Amino acid sequence: MTASSPFITLSNGVKMPAVGLGTWQSSPEEVMAAVKAAVKAGYRLIDTAALYFNEEAIGTAIKELIDEKVVTREELFITTKAWSNEIAPGKLEPALRNSLKKLQLEYVDLYLAHMPAAVNEDMSEAVNSPVEDVWRQFDGVYKAGLAKAVGVSNWNNEQISRALSTGLTPVHNSQVELHLYFPQHEHVDFCKAHNITVTSFGTLGSPGRVNFTLPNGHKPEWAPAPSELQDPNVLAIAKEKKKTPAQVLLRYAMDRGLAIIPKSVHENRIKENFELFDFTISQEEIAKLEKSKISQRLFLQDFMIGHPEDPFADERK
């Protein structure tokens, strides 16, 4: 019997698994095998995005798993995201319907605005669409039943506040870069105060980020960053608990009440990233892990520089 992930309950009552499979930078061929391995290992949350160009392969894997009676659709939680050119005025519902067609699904469980900054089709120009207008589109697809929950990714607290001020569907989830060396306490506290669940991406410090290229061919220049997997306190707790450093970093986020979506295409690593339910990280251990006081964002998303809705403008000063 495979262990199953605990759940985090969204404000509308939808239950989201606390551990999912991330699929950023997973090629279609890789992701098919990864999704099948993950679901068979107990994962029920699969996280993708239009930008990842692998929704179609994930849809095929899901259909085959359902056809083989490994899992039912109702047991799965599928998250996808609208890229910046898909949140421009009038673009969102067609974009979601296109994602659903690729995923071979009638609905997604969670649909996120991947970034708050709208752009034109080829990303060559900014589109001045305030986040209030972006959120009105998400309210529309939610009320149309195309998504069981809606949320944001890479939005700052002020932008989320403006979305909430519309009085429409609440923001159900915020997916943000969050890891030991960028713990995002202020954002997590803000979200908790507004009954918004938080999903951490880059929970292991995203060692694979250096291979990424944007759809327009731009390859971001990533700032060098210390390896959290080599942090002395992480290594000490891993040794004490007979766990890997990666498992300690993942459990650190879970024990802060967050959902996690570690990415891998290797079956042994996929299984290892799910073996998190036989130990915990105490508040004292969390304090010990955070003693370094490092706070460094890895993903500054330079394509948003100068955009009226650049969420990181204050951090760039």
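Residues numbered from 1 in each chain as written. Predicted model: local features only at pLDDT ≥ 70, side-chain atom pairs only at ≥ 80, totals over all residues. Heavy atoms only, no water.

The chain is annotated in an unreviewed UniProt entry as NADP-dependent oxidoreductase domain-containing protein from Caenorhabditis latens.

A.B. asks: Please explain helix α3 (residues 92–103) as it appears in this structure.
C.D. replies: A turn of α-helix holds 3.6 residues, and therefore any two residues three or four places apart point the same way. The end-to-end C-alpha distance of α3, which contains 12 residues, comes to 16 Å, matching closely the 16 Å that a straight helix rising 1.5 Å per residue would cover. Within the span of α3, buried status applies to Leu 92, Ala 95, Leu 96, Ser 99, Leu 100 and Leu 103. Each buried residue of α3 sits inside an arc of 140° when the element is viewed along its axis, so together they form one side. Those residues of α3 hidden inside the fold are in contact with α2 (55–67), β5 (77–82), β6 (110–113) and α4 (131–143). Of the residues trailing α3, Gln 104 is marked for its positive phi of about 60°. (Helix = DSSP H or I, 4+ residues; strand = E, 2+ residues; numbered from the N terminus. Expected span 1.5 Å × (residues − 1). Buried < 20%, exposed > 50% of the residue type's maximum accessible area, 1.4 Å probe, protein only. Arc of directions from axis to C-beta. Contact = heavy atoms within 4.5 Å.)

A.B. asks: Just checking my understanding: could you explain the pattern of salt bridges for this structure?
C.D. replies: Two side chains bearing opposite charge may form a pair once their charged atoms approach each other closely. Within the structure shown, the criterion is met by 17 salt bridges. The partner of Asp 67 in a salt bridge is Lys 63, with the nearest N and O atoms 2.8 Å apart. Placement of both Asp 67 and Lys 63 in helix α2 is noted, with a separation of four residues, approximately one turn of the helix. Of the residues examined, Asp 67 reaches a relative accessible area of 48% and is grouped as partly exposed. Across the pair Glu 93 and Arg 97 runs a salt bridge, and its minimum N-O distance is 3.0 Å. (Salt bridge = Lys/Arg side-chain N within 4 Å of Asp/Glu carboxyl O.)

A.B. asks: I tried to follow the sheet that holds strand β8 (residues 173–177) on my own but got confused; where do I start?
C.D. replies: Across the sheet, which stays open at both edges, the eight strands sit in the order β3-β4-β5-β6-β7-β8-β9-β10 with parallel pairing between neighbours. Only two strands of the sheet have a single partner each, and these edge strands are β3 (20–22) and β10 (259–260). As paired elements, β5 and β6 share four bridges and run parallel to each other. Across the sheet, the residue bridging to Ala 82 is Ala 113, located in β6. (Pairing = 2+ DSSP bridges.)

A.B. asks: What is the right way to look at the environment of Pro 245 in this model?
C.D. replies: Structurally, Pro 245 can be placed in helix α8 (residues 245–254). Judged by relative accessible area, which is 23%, Pro 245 ranks as partly exposed. It is 42 Å that separates the C-alpha atoms of Pro 245 and Arg 136, two residues lying 109 residues apart in sequence.

A.B. asks: Explanation requested: unusual backbone geometry in the structure shown.
C.D. replies: Excluding glycine, a negative phi dihedral is what most residues carry, and trans is how most peptide bonds are arranged. Phi at Gln 25 takes a positive value of approximately 70°, unusual for a residue other than glycine. With respect to the secondary-structure elements, Gln 25 resides in the loop between β3 and α1 (28–41). Residues other than glycine seldom take positive phi values, yet Met 123 does so here, at roughly 65°. Take Met 123: it is sitting in the loop between β6 and α4. On the accessibility criterion, Met 123 (14% relative accessible area) is buried.

A.B. asks: What's the story with the environment of Ile 305 in this structure? I'm lost.
C.D. replies: Mapped onto the fold, Ile 305 is located in the loop between α10 (283–289) and α11 (313–316). The spatial distance from the C-alpha of Ile 305 to the C-alpha of Ser 11 is 33 Å, given a sequence separation of 294 residues. If sequence neighbours within four positions are ignored, Ile 305 has contacts with Asp 310 and Arg 316.

A.B. asks: Just to check I follow, could you spell out the packing of aromatic side chains for this structure?
C.D. replies: What characterises a pair of aromatic rings is the spacing of the ring centres plus the angle enclosed by the ring planes. Counted under the stated rule, the structure contains eight aromatic pairs. Aromatic side chains Trp 135 and Phe 138 sit 5.5 Å apart centroid to centroid with 10° between the ring planes, which places their arrangement in the stacked category. With a gap of three residues between them, Trp 135 and Phe 138 both fall in helix α4, about one helical turn apart. The burial state of Trp 135 is the same as that of Phe 138; both residues are buried. With centroids separated by 6.4 Å and ring planes inclined at 75°, the aromatic side chains of Trp 135 and Trp 155 adopt a geometry described as edge-to-face. Within this pair, whereas Trp 135 is found in helix α4, its partner Trp 155 is found in the loop between β7 (150–153) and α5 (157–164), the two being separated by 20 residues in sequence. Judged by relative accessible area, Trp 155 falls into the buried class, the value being 2%. Sitting over the face of the ring of Tyr 107, Lys 148 holds its NZ or CZ atom 4.6 Å from the ring centroid. (Phe/Tyr/Trp six-rings, centres within 6.5 Å; stacked < 30°, edge-to-face > 60°. Lys NZ or Arg CZ within 6 Å of the ring centre and 35° of its normal.)

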